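Structure at a glance
The primary structure of each chain is shown beneath.
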Amino acid sequence: LQGITWIKRREEKRGLHIVRLGQKQLIPKLENALENGKPIIIENLATSIDAVLGPVISRQVTRRGRTVFVKLGDKEVDYHPDFKLYLQTKLSNP
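Here we summarise the structure given alongside this text.

Take the pattern of salt bridges next. Under the definition given, this model contains seven salt bridges. Notably, a salt bridge pairs glutamate 11 with arginine 14, separated by 2.9 Å at the nearest N-O pair. The class of glutamate 11 is buried, set by a relative accessible area of 2%. In this structure, lysine 75 and glutamate 31 form a salt bridge, with 3.1 Å as the shortest nitrogen-oxygen distance. Pair noted here: lysine 75 is in strand β5 (residues 75-78) and glutamate 31 is in helix α2 (residues 26-36), with a separation of 44 residues, a long-range link. Through salt bridges that share partners, Arg10, Glu11, Arg14 and Lys84 make up one connected network.

This part covers the side chain of glutamate 11. For glutamate 11, the location among the structural elements is in helix α1 (residues 2-11). Of the polar contacts made by the side chain of glutamate 11, one reaches the side chain of arginine 14; its length is 2.9 Å. Not counting residues up to four positions away in its chain, the partners in contact with glutamate 11 are Leu16, Pro39, Lys84 and Tyr86.

With that settled, the discussion passes to α1. Every buried residue of α1 is accounted for by Ile4, Ile7 and Glu11. Looking straight down α1, one finds that the buried residues subtend no more than 60° of arc, so they occupy a single side. Structural note: α1 exposes Gln2 and Arg9 on the side pointing more than 90 degrees away from its buried face. Buried residues along α1 sit against β2 (39-45) and β6 (84-89).

Before going further, it helps to spend a moment on the side chain of histidine 17. Within the element layout of this structure, histidine 17 appears in strand β1 (residues 17-20). Setting aside anything within four residues of it in sequence, one finds histidine 17 in contact with Lys29, Asn32, Ala33, Lys38, Pro39, Ile40 and Ile41.

Once that is clear, we can look at unusual backbone geometry. Despite not being glycine, asparagine 44 has its phi angle at roughly 55°, a positive value. Position of asparagine 44 among the secondary structure elements: in strand β2. Residues other than glycine seldom take positive phi values, yet arginine 59 does so here, at roughly 55°. For arginine 59, the location among the structural elements is in the loop between α3 (54-57) and β3 (61-64).

Another point: the sheet that holds β3. Read across the open sheet, the three strands follow the order β3-β4-β5; overall the sheet is antiparallel. A single partner strand is all that each edge strand has here, and the edge strands are β3 and β5. Averaged over neighbouring strand pairs, the angle between their axes works out to 40° when direction is ignored. Alignment of strand β4 (residues 67-72) against β5, held across four bridges, turns out to be antiparallel.

So, how was this worked out
- Residues numbered from 1 in each chain as written.
- Predicted model: local features only at pLDDT ≥ 70, side-chain atom pairs only at ≥ 80, totals over all residues.
- Heavy atoms only, no water.
- Salt bridge = Lys/Arg side-chain N within 4 Å of Asp/Glu carboxyl O.
- Buried < 20%, exposed > 50% of the residue type's maximum accessible area, 1.4 Å probe, protein only.
- Helix = DSSP H or I, 4+ residues; strand = E, 2+ residues; numbered from the N terminus.
- Polar contact = N/O pair within 3.5 Å; in protein donor to acceptor, adjacent residues only side chain to side chain.
- Contact = heavy atoms within 4.5 Å.
- Arc of directions from axis to C-beta.
- Pairing = 2+ DSSP bridges.
- Axes fitted to C-alpha atoms, helices over the stretch in contact; angles between N-to-C directions.

This is the structure in structure tokens:
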């Protein structure tokens, strides 16, 4: 909790998004953060992570000319270099 508080204070001026894994708004907010270079925190992760997040977590980017894309679900989204993803879990030793 102390680390999350520090991240929230540090990134709030950059337009921090906070979502949980089961929320309906997860994909649209993640897409917005990817395109605009905003930080996002995904809270309360369990031991498994949704397959949609795999390419984002492993930074599997594709280049076409000067544009960089990342696959998010079934579509490709522009990848801004300032994008930051924070994953938070309540597990004691993940």
